[in-house]
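Observations on the model geometry
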Amino acid sequence: MANFTLDAYVDQHISCNGNADGYIQANVTPAGNYEITCKKSGQLPTSNASGFFKPLVPGSYKVVAKDLNTGETLSTKLKVTQPAKLKVKFVAETNPTTANPTGGSISLTITGGAPILQPYLVTWKNSAGVTLNSEMDNFATYLENLPADTYTVTIEDDNGCFLTKSYKLKKA
């Protein structure tokens, strides 16, 4: 049985799908002469005395602490995760017509990302770059009274991840 303890945890999971900004922190007590190693399957291990490992990609990691005086080791496995990729699906609820040229409406469904504390922040713009929803309505997933045009939506999740997509609303 080792005469020290290893406390390792994921200090930060991946912020946005596809990023490499995860952190693992490993602490060994009592103070001593230790080497701490972090290894992802299929990669070379990284060692340091501080026990702070970054930047990390998603995946499973093995953290090993070795007492350099006695050769004793302790290890644990941790998983660094990432949110699902932000996605948006547009639906033309109503197309504008000759009789009603501003009768169009669009709705959207957002999935993925990290809507932890609030819904996604949504900014709608028309092809002239004019913002169509106010800061008081920045969660809007539905617009109406629209003419035929190309509309661009920018979505932000709670981690500051962005997705921008456009949709062409056609005249019926």
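As shown above, the structure is provided for reference.
Worth saying up front: this structure is predicted, and the values here are computed from it rather than measured. (Residues numbered from 1 in each chain as written. Predicted model: local features only at pLDDT ≥ 70, side-chain atom pairs only at ≥ 80, totals over all residues. Heavy atoms only, no water.)

Quick word on the side chain of Lys40
The residue Lys40 is located in strand E3 (residues 34-40) in this model. As a buried residue without a salt bridge, Lys40 has its nearest oppositely charged side chain in Asp21, at a separation of 14 Å. The residues contacting Lys40, other than those within four sequence positions of it, are Val57, Pro58, Gly59, Ser60 and Tyr61. (Helix = DSSP H or I, 4+ residues; strand = E, 2+ residues; numbered from the N terminus. Buried < 20%, exposed > 50% of the residue type's maximum accessible area, 1.4 Å probe, protein only. Lys, Arg positive; Asp, Glu negative; His and termini not counted. Salt bridge = Lys/Arg side-chain N within 4 Å of Asp/Glu carboxyl O. Contact = heavy atoms within 4.5 Å.)

Here we look at the sheet that holds strand E6 (residues 59-67)
Within the open sheet, the 4 strands sit side by side as E4-E3-E6-E7. Their pairing is antiparallel. Among the strands making up the open sheet, the edge pair consists of strand E4 (46-48) and strand E7 (73-80). Here the average twist between neighbouring strands, direction ignored, is 20°. Relative to E6, E3 runs antiparallel, the two sharing 7 bridges. By the bridge assignment for E6, Cys38 is matched with Val63. (Pairing = 2+ DSSP bridges. Axes fitted to C-alpha atoms, helices over the stretch in contact; angles between N-to-C directions.)

A look at the pairing of strand E2 (residues 22-29)
Here strand E1 (residues 5-12) runs beside E2; their pairing, made up of 7 bridges, is antiparallel. Within E2, the residue paired with Tyr9 across the bridge is Gln25. In this sheet, strand E5 (residues 52-56) lies alongside E2 in antiparallel orientation, the contact comprising 3 bridges. Bridging across to E5, Gln25 finds its partner in Phe52.

With respect to unusual backbone geometry
Note that the residue after Thr29, namely Pro30, is joined by a cis bond; omega there is -5°. Residue placement: Pro30 occurs in the loop between E2 and E3. Between Lys54 and Pro55 the backbone carries a cis peptide bond, its omega angle lying at -15°. Mapped onto the elements of the fold, Pro55 is located in strand E5. Here the phi dihedral of Asn145 falls at roughly 60°; this positive angle occurs in a residue that is not glycine. Inspection of the secondary structure assignment puts Asn145 in strand E11 (residues 142-146).

The values reported here are purely geometric and, on their own, carry no functional implication.
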